[in-house]
Structure formats: C-alpha cells, structure tokens
Amino acid sequence: MKIAIASDHAGFLYKEQIKRHLAAPGHEVVDFGTHSTARVDYPRFIRPAAEAVARGECERGVVLGGSGNGEAMAANRLRGIRCALCWDTESARMGRRHNDANMIALGERMLDAQLALEIVDTWLATPFDGGRHEARIRQLDEA
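Residues numbered from 1 in each chain as written. Predicted model: local features only at pLDDT ≥ 70, side-chain atom pairs only at ≥ 80, totals over all residues. Heavy atoms only, no water.

### Observations regarding the pattern of salt bridges
Thinking step 1. Scanning all chains against the criterion turns up 9 salt bridges.
Thinking step 2. Glu16 is the salt-bridge partner of Lys15, the closest N and O atoms lying 2.8 Å from each other. With respect to class, Lys15 is no different from Glu16; both count as buried.
Thinking step 3. In this structure, the salt-bridge partner of Lys15 is Asp31, at a minimum N-O distance of 2.7 Å. With Lys15 in helix H1 (residues 12-23) and Asp31 in strand S2 (residues 28-31), this pair connects stretches of sequence that are 16 residues apart.
Thinking step 4. Each of Lys15, Glu16, Lys19 and Asp31 takes part in one network of salt bridges that share partners. (Salt bridge = Lys/Arg side-chain N within 4 Å of Asp/Glu carboxyl O. Buried < 20%, exposed > 50% of the residue type's maximum accessible area, 1.4 Å probe, protein only. Helix = DSSP H or I, 4+ residues; strand = E, 2+ residues; numbered from the N terminus.)

### Side note on the nonpolar core
Thinking step 1. Grouped together as the largest cluster of nonpolar side chains are 20 residues, with contacts concentrated most on Ile18, Val62, Ile104 and Leu106.
Thinking step 2. Put simply, the parts of the chain that give this core at least two residues each are strand S1 (2-7), H1, strand S3 (60-65), strand S5 (103-107) and helix H5 (113-125).
Thinking step 3. If you tally residues by element for this core, the top one is H5, at 6 residues.
Thinking step 4. Those residues in contact with Ile104, other than ones at most four positions away along the chain, are Gly61, Val62, Val63, Cys83, Ala84, Cys86, Ile119, Val120 and Trp123.
Thinking step 5. Membership of the second largest hydrophobic core comes to 19 residues, among which are Ala4, Ile46, Ala72 and Ala75. (Core = buried A, V, L, I, M, F, W, Y, C linked by side-chain atoms within 4.5 Å. Contact = heavy atoms within 4.5 Å.)

### Looking at the pairing of S3
Thinking step 1. Burial runs high along S3: 6 of the 6 residues are buried.
Thinking step 2. Side chains Arg60, Val62 and Leu64 project from S3 onto one buried face, and the interleaved Gly61, Val63 and Gly65 project onto a second face that is buried too.
Thinking step 3. Two strands pair when backbone bridges link them, and S1 and S3 are joined in this way by 5 bridges, in the parallel orientation. Bridging from a neighbouring strand, Ile5 pairs with Val62 of S3. (Pairing = 2+ DSSP bridges.)

Right, dumping it as structure tokens:
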C-alpha cells in the first residue's frame, strides 16, 4: 500500500518511527515532511499529504502533531478526505469500519509510541463494513 505521511515539529519523532514501521512489511511511504523538530506551521505539510490521498496518488495517509486535532482539521478540509483523530485502537477500528477513514491523525503528546504503532496497524487492518454507512460516506465525499 502507498501511504502518505506528514507531521509538524511536535509529531516529527513519531512520524519517523511510523515511517520505519510501515516500510518494514513493504508499504511504500511518501514523506511530506517536516524533516526535523524545528517549529513549523502544520498546514504546510499536512495539506500536501491530504491532497495526495484525495487525488488517489496515495491510498491512505497518516498525519501527526502534538494533539492531532489541527492536523485532522486541515486534512478534512479537502473533498474526499475522511481523517479520523485516533486516541486508541478502538477509535482507529471504528474510523475505518464505520467512516471509511482514508487518513488518521495522531497526537505525539497524547500517546506513547507503542500505542501509536498499534493504532496505525489496527487502522490498516480494519476493512470498511460498507452497508448502511456507504451511502452516507458518498454524500460526504460529494459535498
């Protein structure tokens, strides 16, 4: 799977760990930055990652910051993006299963590193259940 990844300075350390974690089983990871812990404005990095997912250049995307809130908001401004802010494996599972989340946002200041990796793995492994949710997802994408 081709996965976009991006962060601001507050999510940089986890971004690097998640990048390695995703590459190990063979995922292609496209890094949209940032490339250090130097303070940056997150939309500069999050938006290009979300645009790549929205255009279909990447199948999924992971964005990170201190809390993940701003990153989720920035990604969700784009048509076709369904970015779930995840704080545990259940929020990741439900974001995929019920909302067909094609991106997730994580907060480095809110989670320990091992939990962040578990959230990513759960989200990637969970299928969208479709059914009654599919029509609503299409409505959101067309809005």
